[in-house]
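Observations on the model geometry
In case you want the letters, here they are:
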Amino acid sequence: MKTFLYITALFSLLVLGGCSSKQVFEPAKDTVGSWKYKNDLKDSIVDVTSNGALLQNGSVIVKDNVIDMGISIDKERLIGVSDKWIITSEIDGNLTLISKSDKTLKDIFELKKTVAAASVKGDLLAVLFASNELAIYSVKTKKIIFHSQGNAPLIVNAKIVNPYFLDDLVLFLTLDGRIVIVNSKEKKVLRSIIVSSAENFNNITAFSVVNDNLVAATGYKILSLTNKEIREPYEIRNMKYDKDGIYIATKQGEVVNLTPSLQVKAKTKFPFAHFLGMIVTDKRVYLLEKQGYIISLTKDLSSYDLYDVSISKDSYVYVGDKAFYVDDEYFSIK
């Protein structure tokens, strides 16, 4: 029964993320017009991860590049993009590394468990299973070199973050709201940091490291780790971190700019807005809103322009560095 719940939570992305209030965002001012920088993809998006998207034709969007990988969408899920590899998995636990430069070069791991997230660095493959188990394998020998049993959650958010490599450390962003730091050479857990302790939908949904500052978020709370651990409650949909601080978009329609110590620098609110994605550039903050708008804000959040875009209400959305990808088209940020 638990296995069924894990799989349901991991694969029912639209069901878990698509519920919304009957009240919807209604702009307080007129739009500038339609967003001009719209282009077509060769096919529709069928799967989305934290750092990639899979198209119907088996191609993969990596940041803002489309790579023909020939992935079988009938049996493979896209897990992510890491090092020189595209990572996919099957429901029975077979995980495949496909070379980004040559799709004929593959390495298959028969893990026999449902994979939630995975990353690669050199000879190390770090895997987070749907049971919340953590493991590190040697890519060369396929032998397990580290394993830790986690606490199995019943329900998770669709946004699952892949493990993060930092020198000799592997940071696992778990399904129960923790950051588990493992020393890959010593093969032991150095530290476990609690981001949030909610019972459900408590997996890490966003993570970033800038200038030695670590920031992580669940759907309920944000953690900043600088000289000390700081937590603040926010119901977060999107998070970005750059030289001007942390930008979050909340379920309440707020856009907030925080310092690394989580002090509020600026904020604004769009009542009942349902944000599908956020892009932060040197000069602007862009948000894609579910009713069919791109909101372009100044970095200090003091003013904004509103643009019309045509999107389906049940679209798959992938956010690159410079574009919002929606179904079979994308909106570039200039």
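So, here's what we can say about the structure.

About the criteria used
Residues numbered from 1 in each chain as written. Predicted model: local features only at pLDDT ≥ 70, side-chain atom pairs only at ≥ 80, totals over all residues. Heavy atoms only, no water. Helix = DSSP H or I, 4+ residues; strand = E, 2+ residues; numbered from the N terminus. Rg over C-alpha atoms; globule rule 2.2 N^0.38 Å. Buried < 20%, exposed > 50% of the residue type's maximum accessible area, 1.4 Å probe, protein only. Contact = heavy atoms within 4.5 Å. Areas by Shrake-Rupley, 256 points an atom, 1.4 Å probe, with all protein chains shown as cover. Lys, Arg positive; Asp, Glu negative; His and termini not counted. Charge placed at Lys NZ, Arg CZ, Asp CG, Glu CD. Pairing = 2+ DSSP bridges. Axes fitted to C-alpha atoms, helices over the stretch in contact; angles between N-to-C directions. Phe/Tyr/Trp six-rings, centres within 6.5 Å; stacked < 30°, edge-to-face > 60°. Lys NZ or Arg CZ within 6 Å of the ring centre and 35° of its normal. Salt bridge = Lys/Arg side-chain N within 4 Å of Asp/Glu carboxyl O. Polar contact = N/O pair within 3.5 Å; in protein donor to acceptor, adjacent residues only side chain to side chain. Core = buried A, V, L, I, M, F, W, Y, C linked by side-chain atoms within 4.5 Å.

1. Structural notes on the overall build of the protein
Broken down by element type, the protein carries two helices and 33 strands. Expected size for 334 residues packed as a compact globule is a radius of gyration near 20 Å; at 19 Å, the protein falls within 12% of this value. By principal-axis analysis of the C-alpha atoms, the protein measures approximately 60 × 45 × 40 Å. Relative to its 334 residues, the protein shows a buried fraction of 52%. When contacts within the protein are restricted to residue pairs at least 6 apart in sequence, those whose partners lie at least 24 apart make up 43%. Of the roughly 15700 Å² of accessible surface on the protein, a fraction of 47% belongs to carbon and sulfur atoms. Put simply, the protein has 42 plus and 39 minus side-chain charges, and the middle of one group is 4 Å from the middle of the other.

2. Observations regarding the sheet that holds strand β18 (residues 188-194)
Strand order in the open sheet formed by four strands is β15-β16-β17-β18, with antiparallel pairing between adjacent strands. Looking at the sheet topology across the chains shown, the edges are occupied by β15 (164-166) and β18. Geometrically, the sheet is characterised by an average inter-axis angle of 20° between neighbouring strands, direction not taken into account. With three bridges joining them, β15 and strand β16 (residues 169-173) adopt antiparallel strand pairing. Residue pairing across strands places Y164 opposite L171, the latter belonging to β16.

3. Remarks on the packing of aromatic side chains
For the structure shown, the criterion picks out eleven aromatic pairs. Consider the rings of Y318 and Y325, whose centres lie 5.7 Å apart with planes at 40°: the pair is tilted. An identical accessibility class is assigned to Y318 and Y325; each is buried. In textbook terms, an aromatic cluster arises when at least three aromatic residues are bridged by ring pairs, as seen for F25, F270, F275, Y293 and Y304. Here the guanidinium or amino end of K113 rests over the ring plane of F129, the centre of that ring lying 5.2 Å away.

4. Details of the pattern of salt bridges
If you walk through the whole model with that rule in mind, you get 13 salt bridges. For D168, the salt bridge goes to K185, with nearest N and O atoms at 3.8 Å. Of this pair, D168 sits in the loop between β15 and β16 while K185 sits in the loop between β17 (178-183) and β18; the two residues are 17 residues apart in sequence, bridging distant segments of the chain. Take D168: its relative accessible area is 34%, and that puts it in the partly exposed class. Across the pair R284 and D305 runs a salt bridge, and its minimum N-O distance is 3.8 Å. Residue R284 is located in strand β28 (residues 284-289), and its partner D305 is located in strand β30 (residues 304-308); the two are separated by 21 residues in the primary sequence. Beyond isolated ion pairs, a larger network of salt bridges with shared partners links D242, K243, D244 and K299.

5. A closer look at the side chain of R284
Side-chain polar atoms of R284 contact the backbone oxygen of S296, separated by 2.7 Å. There is a polar contact of 3.4 Å between the side chain of R284 and the backbone oxygen of L297.

6. Considerations on the pairing of β17
A large share of β17 lies buried, amounting to six of its six residues. Side-chain alternation along β17 places R178, V180 and V182 on one buried face and I179, I181 and N183 on a second face that is also buried. Where β16 and β17 come together, five bridges link them in antiparallel fashion. Bridged to F172 within β17 is V180. If you look at the hairpin formed by β16 and β17, you'll find four residues sitting between the two strands, and G177 has a positive phi there, around 80°. Taken together, the six bridges between β17 and β18 define a ladder with antiparallel strand orientation. Looking at β18, one finds that I179 is bridged to I193.

7. Focus: the sheet that holds strand β33 (residues 329-332)
Strand order in this open sheet of four strands is β2-β33-β32-β31, and the pairing throughout is antiparallel. The two strands at the open ends of the sheet, each matched to only one other strand, are β2 (38-40) and β31 (317-319). The average angle at which neighbouring strand axes cross in this sheet is 20°, direction not considered. Where β2 lies against β33, three bridges are found, and the strand directions are antiparallel.

8. A short note on the nonpolar core
Counting 17 residues, the largest nonpolar core has F270, F275, L287, I295 and L297 as its most contacted members. Mapped by element, the contributors of at least two residues to this core are β24 (245-250), β27 (275-280), β28, β29 (293-298) and β30. Considering each element in turn, this core owes the most residues, three residues, to β29. F275 has contacts with R237, N238, A249, T250, G253, E254, V255, F270, L287, L288, E289 and I295, leaving out every residue within four places of it along the chain.

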